[in-house]
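# Working through the structure, step by step
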Amino acid sequence: MNQRQLFLNHVGQTSDAPLALEIVKARGSRLWDVAGKEYIDLIGGISVCNVGHCHPKVVDAVQKQAAEYMHIMVYGELLVTPQVAYAKKLVDHLPASLNSVFYTASGSEATEGAMKLAKRATNRTQIIGFKNSYHGSTQGALSIMGSEYWKNAFRPLLPDTLQLEYNSFDDLQYITEQTACVVAETIQAEAGVLKPQNGWLLALRNRCTATGTLLVLDEIQCGFGRNGTLWAFQQFDVVPDILLLGKALGGGMPLGAFVADKKLMDLFTYNPVLGHINTFGGHPVSCAAGLAAFNILTEENLLSAIKEKEALFLYLLQHPVIKAVRSCGLMIAVEFDSFETNKKIIDILVDVNPGNTGVFTDWFLFASNCLRIVPPLVISNEEISLACKSIIRALDRFKG
Ligand code: PMP
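Residues numbered from 1 in each chain as written. Predicted model: local features only at pLDDT ≥ 70, side-chain atom pairs only at ≥ 80, totals over all residues. Heavy atoms only, no water.

### Quick notes on the overall build of the protein chain
- Along the protein chain, the regular secondary structure elements total 13 helices and 15 strands.
- A compact globule built from 400 residues should have a C-alpha radius of gyration of about 21 Å, and the protein chain, at 21 Å, falls within 12% of that.
- For the protein chain, the C-alpha atoms occupy an extent of roughly 60 × 55 × 45 Å along the three principal directions.
- The burial tally for the protein chain puts 54% of its 400 residues in the buried class.
- Across the protein chain, contacts joining residues at least 24 apart in sequence account for 72% of those joining residues at least 6 apart.
- Total accessible area on the protein chain is roughly 17,600 Å²; 55% of this is exposed by carbon and sulfur atoms.
- If the 34 positive side-chain charges of the protein chain are averaged to one point and the 38 negative ones to another, these points end up 1 Å apart. (Helix = DSSP H or I, 4+ residues; strand = E, 2+ residues; numbered from the N terminus. Rg over C-alpha atoms; globule rule 2.2 N^0.38 Å. Buried < 20%, exposed > 50% of the residue type's maximum accessible area, 1.4 Å probe, protein only. Contact = heavy atoms within 4.5 Å. Areas by Shrake-Rupley, 256 points an atom, 1.4 Å probe, with all protein chains shown as cover. Lys, Arg positive; Asp, Glu negative; His and termini not counted. Charge placed at Lys NZ, Arg CZ, Asp CG, Glu CD.)

### Topic: the environment of Ile348
- Looking at the secondary structure, you find Ile348 in helix α12 (residues 339-350).
- The spatial distance from the C-alpha of Ile348 to the C-alpha of Met265 is 48 Å, given a sequence separation of 83 residues.
- Once residues within four sequence positions are removed from consideration, Ile348 is found in contact with Ala394 and Arg397.

### Details of the packing of aromatic side chains
- Taken as a whole and assessed by the stated rule, the structure comprises twelve aromatic pairs.
- Taken together, a centroid distance of 5.0 Å and an interplanar angle of 85° make the contact between Tyr149 and Trp150 edge-to-face.
- We classify Trp150 as partly exposed; its relative accessible area is 30%.
- Cluster of aromatic residues (ring-pair linked, three or more members): Tyr86, Phe224, Trp231 and Phe294.
- One residue, Lys37, lies across the ring of Tyr39, its end atom 5.7 Å from the ring centre.
- Of note, Arg120 hangs over the ring of Tyr270, and the distance from its end group to the ring centre comes to 5.0 Å. (Phe/Tyr/Trp six-rings, centres within 6.5 Å; stacked < 30°, edge-to-face > 60°. Lys NZ or Arg CZ within 6 Å of the ring centre and 35° of its normal.)

### Quick look at the site of the ligand
- Around the ligand, the neighbouring residues are Ser106, Gly107, Ser108, Tyr134, His135, Gly136, Glu185, Asp218, Ile220, Gln221 and Lys247.
- For the ligand, a nitrogen atom lies 3.2 Å from a polar atom in the backbone of Tyr134.
- Side-chain polar atom of Asp218 to a nitrogen atom of the ligand: 2.7 Å apart, as the coordinates give it.
- With the chains in place, 83% of the 390 Å² that the ligand exposes on its own is no longer accessible.
- In terms of residue class, the shell around the ligand is made up of two nonpolar, six polar and three charged. (Near = heavy atom within 4 Å. Polar contact = N/O pair within 3.5 Å; in protein donor to acceptor, adjacent residues only side chain to side chain. Nonpolar A, V, L, I, M, F, W, Y, C, P; charged D, E, K, R; others polar.)

### Quick notes on the sheet that holds strand β14 (residues 362-364)
- Pairing is antiparallel in the open sheet, where four strands are placed in the order β11-β12-β15-β14. Where the open sheet ends on each side, the last strands, each with one partner, are β11 (324-327) and β14. On average, each strand axis in the sheet is inclined to that of its neighbour by 40°, with strand direction left out of account.
- Those strands touched by α12 are β14 and β15 (367-373), and its axis lies near 30° from that of β15. (Pairing = 2+ DSSP bridges. Axes fitted to C-alpha atoms, helices over the stretch in contact; angles between N-to-C directions.)

### With respect to the pairing of strand β2 (residues 30-33)
- As judged from the four bridges shared by strand β1 (residues 23-27) and β2, these two strands associate in the antiparallel manner. Each residue of the ladder has a partner; that of Lys25, found in β2, is Trp32.
- The loop that links β2 with its antiparallel partner strand β3 (residues 38-41) comprises four residues; one of these, Gly36, has a positive phi angle of about 90°.

### Things to note about the state of the cysteines
- Evaluated as defined, the whole model comprises zero disulfides.
- We note that Cys370 lacks a disulfide partner, and the nearest cysteine sulfur, in Cys328, lies 15 Å from it.
- Taking the relative accessible area as the measure of exposure, Cys370 reaches 1% and is therefore buried. (Disulfide = S-S within 2.5 Å.)

### Let's talk about the domain arrangement of the protein chain
- Considered domain by domain, the protein chain is made up of domain 1 (3-54 + 305-399) and domain 2 (56-299).
- Taking only C-alpha atoms, the centre of domain 1 and the centre of domain 2 are 27 Å apart.
- Taken together, the contact pairs 24 residues of domain 1 with 31 residues of domain 2.
- Linking domain 1 with domain 2 are one salt bridge.
- Taken together, the links from domain 1 to domain 2 amount to 15 residue pairs in polar contact (both at pLDDT 80 or more).
- When the residues that make up the side of domain 1 that touches domain 2 are grouped by side-chain class, the tally is 17 nonpolar, four polar and three charged. (Domains from an automatic or database assignment. Salt bridge = Lys/Arg side-chain N within 4 Å of Asp/Glu carboxyl O.)

### A few points about a nonpolar patch on the surface
- Where nonpolar side chains cluster on the molecular surface, the patch consists of Ile72, Met73 and Leu78 and spans about 250 Å² of accessible area.
- Among the secondary structure elements, Ile72 is positioned in the loop between α3 (56-68) and α4 (81-92).
- Accessibility expressed as a relative area gives 42% for Ile72, which makes it partly exposed. (Patch = residues over 30% accessible without salt bridge, like charges linked within 9 Å, V, L, I, M, F, W, Y side chains within 5 Å.)

### Describing the sheet that holds β3
- Spatially, the four strands line up as an open sheet ordered β1-β2-β3-β13, and their pairing is mixed. Here the strands that pair on one side only, and so sit at the sheet edges, are β1 and β13 (358-360). Along the sheet, successive strands turn relative to each other by an average axial angle of 30°, direction set aside.
- The pairing of β3 with β13 spans three bridges and is parallel. The residue bridging Ile40 from the neighbouring strand is Val359, located in β13.

The structure is reproduced here in structure tokens:
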């Protein structure tokens, strides 16, 4: 049986038509498949590999930590040095009220932890999310996901949840003294890169403050420099009560976190004790990798080039088949008339024929007619030009 058949038979599948590209090597913004063909990676593990694949400093940190110890004991009792070092570094780059980091094993678990903390802190049950939002695939996170299509098959989910219209000032009235927390992506990613309109996030912040509701901002996908500032919320003059982190947090290793004020976080230590626990959150190797990646991000001037790289993409991505391009830094959605068009373009781009450089992209969950461009932030101008040239060539080849 060949590799593809083994993959289809023995690895749990998520769709009936996986690309099944076998990647054997990844460096920077490039991937190589088993036949030696090269691809430009415009996905970066979906906003994970912000400092590029296999950055030597991240690889070194992983190897050093793995040689010291990998996993020592379940959560909480031991002082795990890489956890402490990374937490200190993160809070040094966050507003003063976000000073305590609770590590999780994934972004979804960060959402779960934050929702629990909000219920525990407010003694309220209602949790509000927004249409076309994504906060994870576990049942709590699914409960506040803003799309009935994706969650209906798994009901019953959490009671007392509500989905409001993102960017609607009117809908903010539904946030009341019954609401434990509102969970929002600072930039809605899976909606196809939707930014908050002028003043809306601030109005949301003010409504939460007025009703004693905790504001949870999900920067699992849009954080870590993706939008040109270290945190997306910095661009909108708001500070959340709880910040959700994941994806690039681990520098390519699995890691999530929710960050809050210590007074709030300490509620998990009593009544009941062990208010949230896990076995692998803050894995030492993940923290070592994450810290190394974070240092690269903050010390190697990556952020200052984001706007220029975004502008280059926008300049090069012009073609009659493209309906619109929405972007916020290196989070870009290229809109076509339909999913069918998008899928054909994606397939042409990944074209496994040897010779030309392939381009690896995909689509957004709630905007399947949009091509996803969330490359490693280290992507060079030459790689951007090459990728866009391939996209334009694919659009020229596209016959509808
Ligand atoms: N929130 C957002 C905005 C995300 O994009 C994701 C992952 N796509 C999650 C939460 C869930 O993270 P994970 O897949 O690590 O559970």
